[in-house]
Every structure is written in C-alpha cells, then in structure tokens.
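One letter stands for each residue in the lines below.
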Amino acid sequence: MGEAPELSAQERAGRPFPVSWDQFHRDCRALTWRLNEVGPFHAVIAITRGGLVPAAIVARELGVRVIDTVCIASYDHTKQGELKVLKGISDEVMKLGGGTGRGLLIVDDLVDTGKTGKLVREMLPEAHFATVYAKPMGRPLVDTFITEVSQDTWIFFPWDTALSYHPPLRDGAA
Ligand SMILES: O=P(O)(O)OC[C@H]1O[C@H](OP(=O)(O)OP(=O)(O)O)[C@H](O)[C@@H]1O
Ligand code: HPA
Ligand SMILES: [Mg+2]
C-alpha cells in the first residue's frame, strides 16, 4: 500500500470562509473599537505579510504613525513549514516598548495553529497581540480578536482571491 498523500492545511481545513474587502474593513474597524479601550499604543507592529492590511487600518483609526514590521515566512501557499524570521523588530521600536513590548501593539490577520503568534510573543512578551480572526488552537495566544472560526475552516482573504464565475447549482456546482 502506498502512503496517503500529505494534505495541506487548506485541504485539512475543508470548510471555506471567503472574506470580502468590505467585510474585512468592517472587521478591522470593529477590532479597533476594542483596541481603543486597551491603548494608547506607542507603535503598531505588523506581522507580514497578512498583518500589513489590518495594521494599516488599525493604525489609521487609532492615530498611530509609528509602524514596524516583523517579517515571518511559514506557509508556502497552504503548507506550513519551518518558521523563518526574515526581518526582526527595529531597535527604535524595541526601545519604545522598553525591551519587553509594553505599550506596543502587534497585529496579524489571523492565528491558526498559533506558531507565528508564539514566536512574536516571545520577542515582545508584554506587547498586546491583536488579530482579526482566530482559530481555537491559536486563540489562547491572542489578547484581542473579532471573529472565531473553527479549526477546520480555511479563511480566504480578499488579497488572495478574485471574483470568478460560479455555475448554477442545477448544473452540478457543489
Ligand atoms: O497561527 P499559524 O498557524 O502560525 O498561522 C497564522 C499565520 O499564517 C499566515 O501567514 P503566512 O505565514 O502564510 O504568511 P503571509 O502572512 O505572508 O501570507 C497568517 O497571515 C498568519 O501570520
Ligand atoms: O485559514 C487561513 N487562511 C489563510 N491563510 C492562513 N494561514 C494559516 N491559516 C490560514
Ligand atoms: Mg502571516
């Protein structure tokens, strides 16, 4: 018997959850309402690349103009491999957070297994960590999020998708 083919995280997830730009913007604004109760923050740190879009919206709403990135690569499309830190947090922003991250806001689009979030939390243990969406495995790592989806859901973000024709149900569409 041959080995079963390795499933990607997206194939394991199975349940699709497409998010439009409009919905994403609304969810980011809802996140900001919650964060406004927790701040003020000296700086926003986006976990790239997915955190760049929510970080821009959140920073705009909260009036924060110091924005840094921590650049991490993990998923190759849908398979999670080794986490690679391609760029760390700048010395200036580290200083603003007193070396521990106090008063800093880390933003990402979602937590899934929590591996990415855990790595960044280790860099800044006292920072506030916010994501727009959270799956159960990663949820304990996040301080503030908006929508929880099940672990078997795959979120399709608007920057990864495009409008396309969908055949009618009677013609055999799933
Ligand atoms: O909780 P985890 O299981 O670690 O997964 C969550 C991370 O995975 C995705 O990023 P990805 O590494 O795919 O890179 P990208 O943001 O550049 O798309 C997502 O944007 C989160 O950063
Ligand atoms: O559900 C997801 N959607 C998009 N990217 C992801 N990276 C980890 N999980 C996800
Ligand atoms: Mg990411």
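So, a few notes on the structure that sits alongside this text. Here the structure is a predicted model, which is why all the values come from computation and not from measurement.

### Description of the overall build of the chain
Moving on, step 1. For the chain, the helix and strand inventory stands at five helices and eight strands.
Moving on, step 2. When each of the 174 residues of the chain is scored for burial, the buried share is 42%.
Moving on, step 3. Total accessible area on the chain is roughly 10500 Å²; 54% of this is exposed by carbon and sulfur atoms.

### Here we look at the site of ligand 1
Moving on, step 1. Neighbouring residues of ligand 1: 15 residues in total, closest Ser 74, Asp 108, Asp 109, Thr 113 and Thr 116.
Moving on, step 2. Within the backbone of Gly 114, a nitrogen or oxygen atom sits 2.8 Å from an oxygen atom of ligand 1.
Moving on, step 3. One of the side-chain nitrogen or oxygen atoms of Thr 116 is found 2.6 Å away from an oxygen atom of ligand 1.
Moving on, step 4. Within the complex, the protein chains bury 89% of what would otherwise be the 500 Å² of accessible surface of ligand 1.
Moving on, step 5. Contributions of two or more residues to the shell around ligand 1 are made by β3 (67-76), β5 (104-111) and α5 (115-123).
Moving on, step 6. The greatest single-element share of the shell around ligand 1, amounting to four residues, is contributed by β5.

### Things to note about the state of the cysteines
Think of a disulfide as a covalent bridge from one cysteine sulfur atom to another cysteine sulfur atom.
Moving on, step 1. Considering all chains together, one arrives at zero disulfides under this definition.
Moving on, step 2. Looking at Cys 71, it has no disulfide partner, and the nearest cysteine sulfur is the one in Cys 28, 19 Å off.

### What about the pairing of strand β6 (residues 128-134)?
A regular strand places its side chains on the two faces of the sheet in alternate fashion.
Moving on, step 1. For β6, a buried count of seven out of seven residues is recorded, marking the element as mostly surrounded by other parts of the structure.
Moving on, step 2. Both β5 and β6 contribute to a ladder of six bridges, which runs parallel. Its bridge partner lying in β6, Leu 105 is registered against His 128.
Moving on, step 3. Crossover connection from β5 via α5 to parallel β6: handedness right-handed.
Moving on, step 4. As paired strands, β6 and strand β7 (residues 147-148) are joined by two bridges and run parallel to one another. By the bridge assignment, Ala 134 is partnered in β7 with Glu 148.

### Considerations on unusual backbone geometry
Moving on, step 1. Residue Pro 40 is bonded to the preceding Gly 39 through a cis peptide linkage, with omega at 5°.
Moving on, step 2. Of note, Pro 40 is situated in the loop between α2 (21-36) and β2 (43-48).
Moving on, step 3. The residue after Thr 48, namely Arg 49, is reached through a cis peptide bond having omega -5°.
Moving on, step 4. In this fold, Arg 49 is placed in the loop between β2 and α3 (52-62).

What counts, and at which threshold
Residues numbered from 1 in each chain as written. Chains lettered and ligands numbered in written order. Predicted model: local features only at pLDDT ≥ 70, side-chain atom pairs only at ≥ 80, totals over all residues. Heavy atoms only, no water. Helix = DSSP H or I, 4+ residues; strand = E, 2+ residues; numbered from the N terminus. Buried < 20%, exposed > 50% of the residue type's maximum accessible area, 1.4 Å probe, protein only. Areas by Shrake-Rupley, 256 points an atom, 1.4 Å probe, with all protein chains shown as cover. Near = heavy atom within 4 Å. Polar contact = N/O pair within 3.5 Å; in protein donor to acceptor, adjacent residues only side chain to side chain. Disulfide = S-S within 2.5 Å. Pairing = 2+ DSSP bridges. Right-handed = clockwise from strand over helix to strand, strands pointing away.

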